[in-house]
Amino acid sequence: MKSYEVNFDGLVGPTHNYGGLSYGNVASQSNSQQSSNPKEAALQGLAKMKALMEMGFQQGVLAPQERPDVAALRRLGFSGTDAQVIELAAKEAMPLLVASCSASSMWVANAATVSPSADTADGRVHFTAANLNCKYHRSIEHPTTSRVLGAMFANQQHFAHHAALPAVAQFGDEGAANHTRFCREYGEAGVEFFVFGRSAFDNRFPAPQKYPARQTLEASQAVARLHGLRDEGVVYAQQNPNVIDQGVFHNDVIAVGNGEVLFYHEDAFLDTDSMLAELQSKLAKVGGNFQSVCVPRSAVTVDDAVRSYLFNSQLLSRPDGSMLLIVPQECQANERVWAYLQSLTSSGGLIREVKVFDLKQSMQNGGGPACLRLRVALNETELAAVNPGVIMTPPLYGSLTAWVEKHYRDRLSETDLADPQLLLECRTALDELTQILKLGAVYPFQIN
Ligand code: SUG
């Protein structure tokens, strides 16, 4: 049976703004308070989806969330009509209003961890929504994420959904941004690679000194248990705490894997040699030939990686077995990174081509090509069981582009977030979107 990796990209929501909300994420901090362009952001994301679809890759779309999240503001004690809740929050606690307006659900690599059916005990594709509990503005995503994923992957015979882990720092879970899967073919059993930043219960693991380590070992282990993964099909590795302190807040800012290949920076992990040996031997047991491409710090520094997002690229398999890297244009702007990429693609190795995309609106908040997509490996039968409304096609691209043009503003600053009109605009837009994507009622304003 044929199998595919389907990339579901997060559609940027109409309140995309630069709130400076993510301590430890250099781009988010340095672009704080700049005015944003939600329309351009959404169109940039859609252009990437269209390009991948036209290259022959399976492409899907994941809906944004209802923002401002009035229900979240009510839980924090603001009351009255929806407009009054927003006005009060703007007057008394602007940072809370900003957090409740974040369009951060666009970075769907953080929406969930996904294990394909070939790896799981019950032969279903398993999803665990990420609790994202390190940042308040992201911790409010998972209930809607679960409803949206439930509406996209609704067939219980093929898909199993788990609620987010307990919402405490000890089980901090950032989803697929710290998870990679190695395999020979997408439909065959593989090795799932979980990268954590710290341990909550075992102080033998060092922790970063400056910035938070968002993912814990215990969260990764819980996800592996929930998904019914075999010990032989799992490898855990610790992220180097020093790189977290340099702005590598997720592992997908310093490493990316696909098929049998791991592309990573020399400083990405602790105990790299034993980790590589474990990946090699576990993948060999399922017939795979693990290969790694290490980018030396002499060619690309950690700072270059953080600024260019070289590793936040999409590594995609082409029909001839070679690979393609989808990178943000910031890679082209960095001399060392661009020189490295030229030498990589001309060296006769597996990675043969680089394609550059303009994702500046998302990049300025620390989200590159890989952050914007959730990978779901599916066989033909499973793909046929996905809600067809969320699979990208030329007509869907046309409808979504027209929808963005109709509903999105091209400029948003902090003061605009306090405008109750913005809430109405967003709800009107999202109501229409659920019809375009055939999701049914998934948003709080549609349910309550
Ligand atoms: O969680 N930025 C996101 C970026 C997530 C990137 N995802 C991956 N690496 N997979 C975050 O830090 C910034 C929002 C603001 O400041 O307005 C933000 O949430």
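Before reading further, recall that the structure is shown in the block above.
What you see is a predicted model; the values in this text were computed from it and never measured.

(A) Local environment of the overall build of the protein chain. Along its length, the protein chain carries 18 helices and 15 strands. Relative to a compact globule of 448 residues, whose C-alpha radius of gyration would be 22 Å, the protein chain shows 21 Å and is just as compact. Viewed in the frame of its principal axes, the protein chain has a C-alpha envelope of about 60 × 45 × 45 Å. Burial status across the protein chain gives 60% buried among its 448 residues. Counting only carbon and sulfur atoms, one obtains 50% of the accessible surface of the protein chain, whose full area is about 16500 Å². Within the protein chain, the 46 negative side-chain charges are centred at a point lying 1 Å from the centre of the 36 positive side-chain charges.

(B) Structural detail: the packing of aromatic side chains. For the coordinates displayed, the defined rule picks out 16 aromatic pairs. When the ring of phenylalanine 153 is compared with that of phenylalanine 159, the centres are 5.2 Å apart and the planes differ by 75°; the resulting orientation is edge-to-face. For the pair phenylalanine 153 and phenylalanine 159, one class covers both residues: buried. Plain terms: the ring middles of phenylalanine 263 and tyrosine 340 are 6.5 Å apart, the flat faces sit at 25° to each other, and that makes the pair stacked. In this pair, phenylalanine 263 sits in strand E10 (residues 261-265) while tyrosine 340 sits in helix H13 (residues 335-345), placing the two residues 77 residues apart along the sequence. Classification of tyrosine 340 by relative accessible area gives buried; the value is 12%. Among the aromatic side chains, those forming a connected cluster through ring pairs are Phe182, Phe193, Tyr264, Phe269 and Phe290.

What counts as what
- Residues numbered from 1 in each chain as written.
- Predicted model: local features only at pLDDT ≥ 70, side-chain atom pairs only at ≥ 80, totals over all residues.
- Heavy atoms only, no water.
- Helix = DSSP H or I, 4+ residues; strand = E, 2+ residues; numbered from the N terminus.
- Rg over C-alpha atoms; globule rule 2.2 N^0.38 Å.
- Buried < 20%, exposed > 50% of the residue type's maximum accessible area, 1.4 Å probe, protein only.
- Areas by Shrake-Rupley, 256 points an atom, 1.4 Å probe, with all protein chains shown as cover.
- Lys, Arg positive; Asp, Glu negative; His and termini not counted.
- Charge placed at Lys NZ, Arg CZ, Asp CG, Glu CD.
- Phe/Tyr/Trp six-rings, centres within 6.5 Å; stacked < 30°, edge-to-face > 60°.

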